[in-house]
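Residue-level listing of the chains:
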Amino acid sequence: MYIKETYMKKPVQIPKYSAIADLLRKNITKEIFQEGSLIPTEKDIAEQNDVSLITVKKAISVLIDEGYLERIPGKKGTFVTENKQNKDKPNLIGIAIDDVSHHFGSQILRGIEDTLEEAGYYSIICSSDRNFEKVQKYFTSLLKNDVSGIIFAPVIGEKYVTRNLKILDPVIGNNIPYVLIDRNIPELSSNLVMSDHRRSSQLITEELISRGHKKTLVVYSDNCTSMEDRFSGVKDIYLKHGLVFNSNLAILVDDNKWPFDSESKEYGTIKKQIENAGEFTAVYGLNNRLLDVAYQIINSERERYGKNITFAVNDESSSNNSEETRNILHTRQPSIELGRKAAELLLEKILNPQSYKSQIVFEDELIIP
């Protein structure tokens, strides 16, 4: 369940006519009011919504200007136009997320597609594979096909902010509604749905410390905002308990180079960092890839590190190395709900382009094996 929703530009009061116009617009786009059909009388709308006739008249006037409604000479009343705004658009939504084959990605996609289908929209899907150029070409193709909106998990990698802004530039320039999912772009005022990554790592770190693990090897990357938030969460809990976090226990890994070949230069560098880290009793990977490489190295030298190392990870572990790491301390994101809420928010922006930008943040669940 989401824990908060904030607005970029929150008004003191939304005009009543705008709220009535939004209500009528949703009834039209969801085909509760069919094309060519007569909508309820102004008097009925006013009475059902406890507003004045003047308010209803202004709301209807707005929808006539937008092309949703029309008055037909010789006929009494107001009708849903058969050429309403966006009629020629194919009701397609572009979705670009990290990897739809991964459990987290597939669950997000399930939530998105179910919600879109209920509203009569369909999706075109792209696994970004942490490839900026791939996603940029994908968005260019989407714009040529006149999509109705976009759901986008910003691509993870070097120059995270500037390169993602470049990807979104034509989307914003063409006034295509979009929602960011899973991570944000700090310099951009956007509609956003994500988990509270900082709180997620606070939960794990607090649990580790409560078990007596005051020296935890933290394996992190620095190529997206979710990683920054999670690393900040670790430091928060150390500070709360009056502990000093040893910088030697922070292992920086470029997880865009995953999977790591044990003969590769990157693997050797990470291995050397872990050897030089000093004593630790737990290993915390801030995502699955980071846990994966640390587990490979530590498991290959159990005599050096001991057999009682505790492992933890953000999100559910999908390590290929051992069943052991699939049942460890971790957090679980409400991935289907993330997808559903992102789709709902996007549909809201499509139906009401003037609505205020929203940021919706969910709590993760701590899973203790």
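Residues numbered from 1 in each chain as written. Predicted model: local features only at pLDDT ≥ 70, side-chain atom pairs only at ≥ 80, totals over all residues. Heavy atoms only, no water.

S.K.: Describe the sheet that holds strand β9 (residues 216–220), naming the residues involved and giving the relevant values.
M.R.: Read from one edge of the open sheet, 6 strands run β10-β9-β11-β12-β13-β15, paired in mixed fashion. Sheet topology places β10 (250–252) and β15 (365–367) at the edges, where each strand pairs with a single neighbour. Each strand of the sheet is rotated relative to its neighbour by a mean of 20 degrees, with strand direction disregarded. Alignment of strand β11 (residues 282–285) against strand β12 (residues 310–313), held across 4 bridges, turns out to be parallel. (Pairing = 2+ DSSP bridges. Helix = DSSP H or I, 4+ residues; strand = E, 2+ residues; numbered from the N terminus. Axes fitted to C-alpha atoms, helices over the stretch in contact; angles between N-to-C directions.)

S.K.: Can you explain the layout of surface pockets? Please cite residues and give values.
M.R.: Put simply, the largest pocket is a space of about 640 Å³. Lining the largest pocket are 31 residues, and of these D98, H102, R130, N288 and R289 lie nearest its centre. Of all the elements in the fold, those that place two or more residues in the lining of the largest pocket are α4 (103–118), α8 (225–240) and α10 (288–300). (1 Å grid on protein atoms, 1.4 Å probe; cavity = no way out; pocket = protein on both sides within 12 Å on 5 of 7 lines; lining within 4 Å. Points joined across faces, edges and corners; volume = space filled by probe spheres on them.)

S.K.: Break down the packing of α4 against helix α12 (residues 335–351) for me, citing the residues and quoting the values.
M.R.: Close contact between α4 and α12 brings their axes to 7 Å; oriented N to C, the two are set at 40 degrees. Taken together, the axes of α4 and α12 lie oblique to each other. Our pair here, α4 against α12, has a crossing hand that is right-handed. Judged by residue contacts, F104, Q107, I108, G111, I112, T115 and L116 of α4 engage S335, I336, L338, G339, R340, A343, E344 and L347 from α12. Tallied by class, residues from the contact of α4 with α12 come to 8 nonpolar, 5 polar and 2 charged. (Parallel < 35°, antiparallel > 145°, perpendicular 65-115°, else oblique. Left-handed = near helix turned anticlockwise from the far one by under 90°. Contact = heavy atoms within 4.5 Å. Nonpolar A, V, L, I, M, F, W, Y, C, P; charged D, E, K, R; others polar.)

S.K.: Mind laying out helix α3 (residues 53–66), listing which residues take part and the relevant values?
M.R.: An ideal rise of 1.5 Å per residue puts 20 Å on 14 residues; α3 measures up with 20 Å between its terminal C-alpha atoms. Turning to α3, its buried residues are T55, V56, A59, I60 and L63. Angular distribution of buried residues about the axis of α3 spans 130 degrees; they occupy a single face of the element. Turned more than 90 degrees off the buried face of α3, the exposed positions are I54 and D65. The secondary structure elements touched by the buried residues of α3 are α1 (16–29), α2 (42–49) and β2 (69–70). Once α3 ends, the next one or two residues include G67, with phi positive near 95 degrees. (Expected span 1.5 Å × (residues − 1). Buried < 20%, exposed > 50% of the residue type's maximum accessible area, 1.4 Å probe, protein only. Arc of directions from axis to C-beta.)

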